[in-house]
Amino acid sequence: MNDEIILKTPFVIQKFDNIDTFILTTFPDLKSYIQKQISKGIQKSDLESQAYSELEKQFTLFIVRNHSKDLDEYIEKDA
């Protein structure tokens, strides 16, 4: 079974060895985020939805931080 994750967008294709690498690349502070939420007293049942929401935000930031030039070029070509 191949656990490789491939991020495909119109402006970049990037490969990750596995889902853990993908998540920790896009959200490197995930462990501290979870620990902070638990220390605030968040219920574990709510933690999953909050972590996924934060992961989505971090993924957007990852794209902007690491691929803004590629995104700009794509938008210029498409406009």
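Preceding block: the structure.
Conventions and cut-offs
Residues numbered from 1 in each chain as written. Predicted model: local features only at pLDDT ≥ 70, side-chain atom pairs only at ≥ 80, totals over all residues. Heavy atoms only, no water. Axes fitted to C-alpha atoms, helices over the stretch in contact; angles between N-to-C directions. Helix = DSSP H or I, 4+ residues; strand = E, 2+ residues; numbered from the N terminus. Parallel < 35°, antiparallel > 145°, perpendicular 65-115°, else oblique. Contact = heavy atoms within 4.5 Å. Nonpolar A, V, L, I, M, F, W, Y, C, P; charged D, E, K, R; others polar. Core = buried A, V, L, I, M, F, W, Y, C linked by side-chain atoms within 4.5 Å. Buried < 20%, exposed > 50% of the residue type's maximum accessible area, 1.4 Å probe, protein only. Polar contact = N/O pair within 3.5 Å; in protein donor to acceptor, adjacent residues only side chain to side chain. Pairing = 2+ DSSP bridges. Arc of directions from axis to C-beta. Phe/Tyr/Trp six-rings, centres within 6.5 Å; stacked < 30°, edge-to-face > 60°.

**Q** Let's hear about the packing of helix 1 (residues 19-26) against helix 3 (residues 44-78): which residues, and what values?
**A** Relative to each other, helix 1 and helix 3 sit at 75°, their axes nearing to 8 Å. The angle between the axes of helix 1 and helix 3 places the two elements in the roughly perpendicular class. From helix 1, Phe-22, Ile-23, Thr-25 and Thr-26 reach across to helix 3, where they touch Leu-55, Gln-58, Phe-59 and Phe-62. Classifying every residue of the contact of helix 1 with helix 3 gives five nonpolar, three polar and no charged.

**Q** How would you explain the nonpolar core if you had to name every residue and give the values?
**A** Formed by Leu-7, Phe-11, Val-12, Phe-16, Phe-22, Phe-62 and Ile-63, the largest nonpolar core amounts to seven residues. Beyond its immediate chain neighbours, meaning those up to four positions away, Phe-22 contacts Ile-5, Phe-16 and Phe-59. Listed in part, the five residues of the second largest apolar core include Phe-27, Leu-30, Tyr-33 and Ala-51.

**Q** So, the environment of Asn-18: which residues are in play, and what are the values?
**A** Structurally, the position occupied by Asn-18 is in the loop between strand 2 (13-16) and helix 1. C-alpha of Asn-18 to C-alpha of Ile-6: the two residues are 12 residues apart in sequence and 9.1 Å apart in space. With sequence-adjacent residues up to four places away left out, Asn-18 is seen in contact with Asp-3 and Ile-5. Of note is the side chain of Asn-18, whose polar atom sits 2.8 Å from the backbone nitrogen of Thr-21.

**Q** Please set out the pairing of strand 1 (residues 5-8) residue by residue, giving values where relevant.
**A** A regular strand places its side chains on the two faces of the sheet in alternate fashion. For strand 1 and strand 2, the ladder comprises four bridges, and the chain directions are antiparallel. Paired with Ile-6 across the two strands is Lys-15, which belongs to strand 2. The turn linking strand 1 back onto strand 2 is made up of four residues.

**Q** Please set out helix 2 (residues 30-39) residue by residue, giving values where relevant.
**A** Three or more residues of helix 2 are buried, namely Leu-30, Tyr-33 and Gln-37. Buried residues of helix 2, seen end-on, are gathered within an arc of 60° and therefore sit on one face of the element. Residues Lys-31, Gln-35 and Ser-39 are exposed on helix 2 and point more than 90 degrees away from its buried face. Its buried side turned inward, helix 2 meets helix 1 and helix 3. Phi turns positive one or two residues past the end of helix 2, at Gly-41, with a value near 95°.

**Q** Requested: an account of the packing of aromatic side chains, with residues and values cited.
**A** Scanning the entire structure with this criterion turns up five aromatic pairs. Taking 5.6 Å as the distance between ring centres and 55° as the angle between the ring planes, the aromatic pair formed by Phe-27 and Tyr-33 counts as tilted. In this structure Phe-27 comes out as buried when scored by relative accessible area, which is 3%. What makes Tyr-33 buried here is its relative accessible area of 16%. An aromatic cluster is present here, built from Phe-16, Phe-22, Phe-59 and Phe-62 joined pairwise through their rings.

Geometric descriptors of this kind do not, in isolation, establish any biological role.
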